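# Coordinate inspection notes
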Amino acid sequence: MYAELFRLDGRAALVTGGSRGIGLACAEALGEAGARVAISARSREEGAKAVDYLKQKGIEAIYLPADVSSESAAQEAVRQAAEALGGLDILVNNAGIARHCDSLKLTPETWNEVIDTNLTGLFWCCRAAIGMMVAKGSGSIVNIGSISGFISNLPQNQVAYNASKAGVHMLTKSLAGEFAASNIRINAVAPGYIETAMTQGGLDDPEWSKIWLGMTPMARAGKASEVAAAVLFLASDAASYVTGSVLTIDGGYTIH
Ligand code: NDP
């Protein structure tokens, strides 16, 4: 009985930023559990590669080109996914960017780029999906936050990123409260250091690696699949009484 709670047969899912890293792992996890999957991202080349990768895993996914930092494109991506998949039961808001910059040097363009992608775009994707889910009477949204939404993550200077992720956590709780009675569950995960293109520079830097490995009780970086497993749980009926939660996946980094 319990294993069946993780099955997503007959459900339709959109993963934003699903072309690589954590998003691609989420698409694989949801597809393997039986969901029909759409992924969106800006690069068509990477989108096509991701679809090929998923096909090799036995998952038929579709790619939708979209830049979620634009409100209209974010909403359109959700609309197109629902049209192509015949509805939308699950939304994973994963698209995100990180920019490291001292606050006194940060330009308005960089601030806006980060906030528009990580927070504002995520809200518009949520809103477009929630409209459909309310009409259907059910739905599950999982937002990808970060431990950077709880801690300043020194010595990296990334004020816009940290603020955007704290915003994602609070947006998740706010929307969860607003739509709980409509049978829509809205949760977030807060990953720590996960091996992806986003963190490659830091992980390849021996000095930086030493700092964060020393602060991580499990003494290793996480894998995208370890985030995807938690996303699958939250998206599925296994988490049927879970809403408004922010699940930390960081090898213990934020324990102390
Ligand atoms: P990657 O850089 O590997 O992947 C990011 C994905 O988002 C790509 O598919 C990218 O495709 C897409 N994306 C970026 N900007 C946009 C945009 N404007 N519109 C649509 N798609 C976009 O990063 P990760 O897999 O590491 O990160 C995924 C999420 O997890 C992010 O939200 C990140 O903040 C979060 N996270 C990551 C951690 C880590 O350690 N890796 C830790 C905590 C949180 P394209 O560029 O083609 O658009």
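Every value quoted in this text rests on a predicted model; they were computed, and no experiment measured them. Positions within a chain are numbered from 1, following the residues in the order the chain's sequence is written. Local features are withheld for residues below a pLDDT of 70 in this predicted model, meaning they are given only at 70 or higher, and side-chain atom pairs are given and counted only at 80 or more; totals for whole chains, interfaces and linings count all residues.

Attention now goes to the site of the ligand. Each residue receives a C-beta atom built from its backbone; the residue is near a molecule or strand if that atom lies within 6 Å of it. Around the ligand sit 30 residues in total, of which Gly17, Gly21, Arg42, Gly96 and Thr196 are the nearest. Classes in brief: Ala, Val, Leu, Ile, Met, Phe, Trp, Tyr, Cys and Pro nonpolar; Asp, Glu, Lys and Arg charged; the others, Gly included, polar. For the shell around the ligand, a count of residues per class yields 13 nonpolar, 13 polar and 4 charged.

Looking now at helix α1 (residues 21-32). Think of it this way: any DSSP run of H or I at least four residues long counts as a helix, any run of E at least two long counts as a strand, and we number them from the N terminus. In this scheme, a helix's expected span is set at 1.5 Å multiplied by one less than its residue total. Its 12 residues place the ends of α1 17 Å apart at the C-alpha level, agreeing with the 16 Å of an ideal helix rising 1.5 Å per residue. Exposed residues have 12 or fewer other C-beta atoms within 10 Å of their own C-beta, buried residues have 20 or more, and partly exposed residues fall in between, where C-beta atoms are placed from the backbone. Counting buried positions along α1 yields 11 of 12 residues, so the element is predominantly enclosed. Within the span of α1, buried status applies to Gly21, Ile22, Gly23, Leu24, Ala25, Cys26, Ala27, Glu28, Ala29, Leu30 and Gly31.

By this definition, two strands are paired if DSSP reports at least two bridges between them. Reading across the sheet, the 7 strands line up as β3-β2-β1-β4-β5-β6-β7 and stay open at both edges, with parallel pairing between neighbours. Looking at which strands have only one partner, the edges of the open sheet turn out to be β3 (61-65) and β7 (246-249). On average, each strand axis in the sheet is inclined to that of its neighbour by 20°, with strand direction left out of account. With 6 bridges joining them, strand β5 (residues 139-144) and strand β6 (residues 184-191) adopt parallel strand pairing. Directly across from Ile141, in β6, lies its bridge partner Ile186. Axes, fitted as lines to C-alpha atoms, cover a helix only where it is in contact. Angles between the N-to-C directions of the axes lie from 0 to 180 degrees.

The next subject is the confidence of the model for the chain. The score called pLDDT rates the predictor's confidence residue by residue, from a low of 0 to a high of 100. On average, the chain scores 96 in pLDDT, and the residues at 70 or more come to 100%. In the predicted assembly, ipTM is 0.99 and pTM is 0.98.

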